[in-house]
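# A structural walkthrough
The residues making up each chain are set out below.
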Amino acid sequence: MKAILNVAAELLKSRGANSSAAARRLGGEMCKELKTKVLRLSPPTPNGPSVHQESHTDGAEILSCTVKALKEGDLVAVPTDTIYGLACLAQNSEAVRKTYDVKGRDAQKPLAICVGEIQDIYKYCKVPVKEALLGDLLPGPVTLVFERSEALNADLNPFTSLVGVRIPDHAFMRRLCQMCGEPLALTSANISSHTSTVAVHEFQELWPKLAVVVDGGPIGDQSRLGSTVVDLSVLGKYRIIRPGCALSSTVDVLERKHGLSEDLGEQ
């Protein structure tokens, strides 16, 4: 409750007089709900994420709270290395359905998964590329698309045999995945078709529908392009699905370092 009130107060200060009434309504609604926890991370330190002094909690407690919400089937908002995301447990079919409902997302649009370590990719994907290639791109602002394995929830993207996988270059996100011990389903923290978000106040209309909002502060990549999405499911080939924010560096790694050629077939 204290965290909610703190954030609501900050919104009142930052948004100005013209929108103060809306901010008060938002804060009041959140307090009545008594569901959404807004937890603020400090900038990363050499020892990993920490939190502002006034929040009276630490990074481990934020992680524990977020893991608990995910394990209970709830949705959370999290910072990544590109934009803010909504996450749930990928193996929880009801939570996956809830993600589509909250975003108003087209049921035929897939969700990516997010894992903590490169070795985790092999459990949920069939990987035809060398591990060195994975290590050159991950962790980083790239989503790699592979054939899915049988271990992945059949209710996640049932309309395709492929799945995108991310390891964000973000200490909190990597540790969160490690603590969950299973993949997260990850998508942008916004209403579908709306602009991607780089600060938590930009998706405040979603807060009442989430169990936890982890505020990592403004995300440095203001392009809002999201990760570069590349299909690596065909041996020796790559296909860019979304240029994203790291296109040039990704293509350089794929072509110059690993000798892959672009698949120019039917998109």
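Further up the page is the structure itself.
A short tour of the structure in this document, coming up. (Residues numbered from 1 in each chain as written. Predicted model: local features only at pLDDT ≥ 70, side-chain atom pairs only at ≥ 80, totals over all residues. Heavy atoms only, no water.)

Attention now moves to helix H7 (residues 171–180). The set of residues buried in H7 consists of Phe 172, Met 173, Leu 176, Cys 177 and Cys 180. The buried residues of H7 occupy one face: seen down the axis, they fall within an arc of 130 degrees. (Buried < 20%, exposed > 50% of the residue type's maximum accessible area, 1.4 Å probe, protein only. Helix = DSSP H or I, 4+ residues; strand = E, 2+ residues; numbered from the N terminus. Arc of directions from axis to C-beta.)

A few words now on the pattern of salt bridges. Summed over all chains, the structure comprises eleven salt bridges. The partner of Lys 126 in a salt bridge is Glu 150, with the nearest N and O atoms 3.5 Å apart. Highlighted residues: Lys 126 in strand E6 (residues 125–126) and Glu 150 in the loop between strand E7 (142–148) and strand E8 (162–166), separated in sequence by 24 residues. On the basis of relative accessible area, Lys 126 is assigned to the partly exposed category, the value being 44%. (Salt bridge = Lys/Arg side-chain N within 4 Å of Asp/Glu carboxyl O.)

Aromatic ring pairs are reported here in terms of the distance separating the ring centres and the angle at which the planes meet. Summed over all chains, the structure comprises one aromatic pair. Between Tyr 84 and Phe 203 the ring centres are 5.7 Å apart and the planes differ by 45 degrees, which places this aromatic pair in the tilted class. With Tyr 84 in strand E4 (residues 84–89) and Phe 203 in the loop between strand E9 (184–188) and strand E10 (212–215), the pair connects residues that are 119 residues apart, well separated along the chain. The same class applies to Tyr 84 and to Phe 203, which are both buried. (Phe/Tyr/Trp six-rings, centres within 6.5 Å; stacked < 30°, edge-to-face > 60°.)

Time to look at the layout of surface pockets. The volume enclosed by the largest pocket comes to roughly 900 Å³. Forming the boundary of the largest pocket are 38 residues, of which Arg 105, Pro 110, Ala 112, Val 229 and Arg 242 lie nearest the centre. Elements with a minimum of two residues in the lining of the largest pocket: E4, E7, E8, E9, strand E11 (228–231) and strand E12 (237–242). Sorting elements by how many residues they give to the lining of the largest pocket places E8 first, with four residues. Class assignment of the residues belonging to the lining of the largest pocket gives a composition of 14 nonpolar, 15 polar and nine charged. (1 Å grid on protein atoms, 1.4 Å probe; cavity = no way out; pocket = protein on both sides within 12 Å on 5 of 7 lines; lining within 4 Å. Points joined across faces, edges and corners; volume = space filled by probe spheres on them. Nonpolar A, V, L, I, M, F, W, Y, C, P; charged D, E, K, R; others polar.)

A cis amide bond, omega -5 degrees, links Leu 138 with the succeeding residue Pro 139. Here Pro 139 lies in the loop between helix H6 (131–137) and E7. Not every positive phi belongs to a glycine, and Arg 224 is a case in point at roughly 60 degrees. Following the sequence through the fold, Arg 224 ends up in the loop between E10 and E11. Residue class for Arg 224 comes out partly exposed when judged on its relative accessible area of 26%.

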